[in-house]
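Examination of the molecular architecture
What follows is each chain in one-letter form.
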Amino acid sequence: MPAQTRGGEWRRNWPLVILTALALTSSPATLPVYSIGVLTGPLEAEFGWSRATIQAAITFSTGLGFFGGPLGGWLVERFGVRRSILGGIVGLGGTVLVCAAMTGSAWQLYLLYAAMALLGAGAGAVSWTFLIADRFVRSRGLALGVALSGTGLAAFITPRIAVAGLEWGGWQGAYIWLAGFCLLLILPLCLLGLPRGTGGHRAGSLPETEPPRAGLTLGAAVRGHRFWLIGVATFCIYVAVGGLIPNLVPALTDSGLSQGEAVSIMGFFGLAIVAGRILVGFFVDIFWAPLVASAVLIPAAIACFLIQQPLEFVAYAMAAMVIGMATGMEFDMLGFLAARYLGLAHFARIYGRLYIFVALGAGLAPPAFAFAYDTFGNYGWPLTISAGLLLLGAGCFLALGRYPAEREFALSAQ
């Protein structure tokens, strides 16, 4: 592949990569998840809710991605990327702001977190992944890795915004600061940076002489085994890491670390997500992607066992970073594998369906972890199961086989 072609992709589209990384810190899959750990203690003290009750809110925000993923794909094809993203940021930020007015009924918490998923669907991964995958071919893996590193930035930034808000005005202040981050910083950046007319066509991102996108129809993709292998692997990985993310701070404070130390480890976890995205994205442009994925998932499975042991701060941080690498890999790996194995012709709709597996895994895992804590007083069993799920996910990826040629897309769609 000519280096000039790769360079041309980056020269045309690098601002969108940076914008995506920044904007994904305020998506329905990141902002609620990475802030709930900091808010768990204050909400527990204020309303007397159990940890399982509070963590179940993630089932409604991330879990309703079951509807939000397909909804995001439909919004992109119906209204275009720009309108979908801007509307989603307004919906998400406005709902987070309303959270500051909760009066103590758990149904309010669940209703508002569900609204984050649905009203913020346009600003989710479907829109941003389509935007990047459509504009990069030669360097798609690295571009997705850098762009989707925004979820890692969220793990680093969001807890700190929530802590600053807590110090300013308690749990209400935390929600106000988080909403302000969405509406006063991310929304203006997207208004300025998103190109107009970015819908279900290239919108000038590639030369007009570029042939139509190759790929399966939604029906052909769902009928094929590769769709389900990617989906099952994604579900396994998100159950494994999705339960740990919002429970990491409470788990570490229970082990004797201070909240400051636990938040610091969450920061290392977030940086590892960023590193995982970029490094894995770089390597999948060179090597077979399922093999690269397995090389990250197997060490993460081992780390799930290590983190159950009595460790020093540095050892906890290293184990968290290994798991963070696996967390970072999965998000851009999903987009990369969907594009390579299922094509771009109907990418937004197919990716929206695959996102259901993300939503189910990430939505079910946090309350399951919290329930296990309330039942057993520790996180041992969930972490052990997580290790097994990471290994199963690696096996599913390896079963995908070689990348299909474009002519195979046409034959499969018939």
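Because the structure is predicted, anything quoted here is derived from the model rather than measured.

Here's the deal with the overall build of the chain
Helices and strands together make up the secondary structure of the chain, namely 19 helices and zero strands. In summary, the chain has a C-alpha radius of gyration of 20 Å against a globular reference of 22 Å for 414 residues, a match within 12%. Considering only C-alpha atoms, the chain reaches an extent of 60 × 40 × 35 Å along its principal axes. Buried positions account for 59% of the 414 residues belonging to the chain. Within the chain, counting contacts between residues at least 6 apart in sequence, those at least 24 apart form 85% of the total. Of the accessible surface of the chain, which amounts to about 15,700 Å², a share of 68% is contributed by carbon and sulfur atoms. For the chain, the centre of its 22 positive side-chain charges and the centre of its 17 negative side-chain charges are spaced 14 Å apart.

Concerning the packing of aromatic side chains
For the coordinates displayed, the defined rule picks out 15 aromatic pairs. On the basis of an interplanar angle of 55 degrees and a centroid distance of 6.2 Å, the ring pair of W168 and W177 is categorised as tilted. With a centroid separation of 6.1 Å and 65 degrees between ring planes, the pair formed by F227 and F357 is classed as edge-to-face. A residue pair is termed long-range when its members are at least 10 positions apart, and F227 in helix α12 (residues 225–242) and F357 in helix α17 (residues 347–376) qualify at 130 residues. For the pair shown, F227 and F357 are each scored as buried. Each member of the aromatic cluster is reached from another via a ring pair, and the members are F47, W49, W171 and Y175. The residue whose ring lies beneath R78 is F79, and the NZ or CZ to ring-centre distance is 5.0 Å. Over the aromatic face of Y403 sits the side chain of R340, whose NZ or CZ is 3.9 Å from the ring centroid.

Focus on the nonpolar core
Soluble, globular proteins show a tendency: their nonpolar side chains are buried together. Among the nonpolar cores identified, the biggest contains 136 residues, and Y113, Y175, C190 and F397 are the most heavily contacted of them. Top element by residues in this core is helix α16 (residues 313–342). It accounts for 16 residues. Beyond its immediate stretch of four places on either side in the chain, F397 contacts A233, I237, P290, A293, L297, M329, E330, M333 and L337.

Describing helix α8 (residues 125–133)
For an α-helix, the turn length of 3.6 residues means that residues three or four places apart are oriented alike. In terms of burial, α8 is largely enclosed, as nine of its nine residues are buried. Considered for burial, the residues of α8 that qualify are A125, V126, S127, W128, T129, F130, L131, I132 and A133.

Focus: the side chain of T234
By the secondary structure assignment, T234 is in helix α12. Once you skip the residues sitting within four places of it in the chain, T234 turns out to touch E330, L334, F357 and V358.

Details of the environment of Q108
Along the chain, Q108 turns up in helix α7 (residues 106–119). Q108 sits in the buried class, given a relative accessible area of 17%. Placed 51 residues apart in sequence, Q108 and A57 show a C-alpha to C-alpha distance of 9.9 Å. Q108 has contacts with M102 and T103, leaving out every residue within four places of it along the chain. Of the polar contacts made by the side chain of Q108, one reaches the backbone nitrogen of T103; its length is 2.8 Å.

A word on the packing of helix α6 (residues 81–99) against α7
Viewed as axis vectors pointing N to C, α6 and α7 meet at an angle of 170 degrees, and their least axial separation amounts to 8 Å. In this view, α6 runs roughly antiparallel relative to α7, as classed from their interaxial angle. Along its contact with α6, which presents G87, G88, G91, L92, T95, V96, V98 and C99, the element α7 presents L112, Y113, A115, M116 and L119.

Quick word on the confidence of the model for the chain
Put simply, the chain has an average pLDDT of 82, and 91% of its residues get 70 or more. Taking the mean pLDDT of every element in the chain, the minimum, 56, falls on helix α19 (residues 406–413) and the maximum, 93, on α6. Low pLDDT, under 50, characterises residues 199–210; the stretch is placed with 23 contacts to residues that sit more than four places away or in other chains.

A few points about the environment of T151
Take T151: it is sitting in helix α10 (residues 150–193). Once the C-alpha coordinates of T151 and S27 are considered, the two residues, 124 residues apart in sequence, prove to be 8.6 Å apart.

Thoughts on the packing of α12 against helix α13 (residues 244–254)
As a packed pair, α12 and α13 sit with axes 7 Å apart at the nearest point and diverge in direction by 20 degrees. As the angle between them shows, α12 and α13 are arranged roughly parallel. Of α13, the residues touching α12 (which contributes A240, V241 and G242) are L244, I245 and P246. Here the residues of the contact of α12 with α13 sort into five nonpolar, one polar and no charged.

Conventions adopted
- Residues numbered from 1 in each chain as written.
- Predicted model: local features only at pLDDT ≥ 70, side-chain atom pairs only at ≥ 80, totals over all residues.
- Heavy atoms only, no water.
- Helix = DSSP H or I, 4+ residues; strand = E, 2+ residues; numbered from the N terminus.
- Rg over C-alpha atoms; globule rule 2.2 N^0.38 Å.
- Buried < 20%, exposed > 50% of the residue type's maximum accessible area, 1.4 Å probe, protein only.
- Contact = heavy atoms within 4.5 Å.
- Areas by Shrake-Rupley, 256 points an atom, 1.4 Å probe, with all protein chains shown as cover.
- Lys, Arg positive; Asp, Glu negative; His and termini not counted.
- Charge placed at Lys NZ, Arg CZ, Asp CG, Glu CD.
- Phe/Tyr/Trp six-rings, centres within 6.5 Å; stacked < 30°, edge-to-face > 60°.
- Lys NZ or Arg CZ within 6 Å of the ring centre and 35° of its normal.
- Core = buried A, V, L, I, M, F, W, Y, C linked by side-chain atoms within 4.5 Å.
- Polar contact = N/O pair within 3.5 Å; in protein donor to acceptor, adjacent residues only side chain to side chain.
- Axes fitted to C-alpha atoms, helices over the stretch in contact; angles between N-to-C directions.
- Parallel < 35°, antiparallel > 145°, perpendicular 65-115°, else oblique.
- pLDDT = per-residue confidence, 0-100.
- Nonpolar A, V, L, I, M, F, W, Y, C, P; charged D, E, K, R; others polar.

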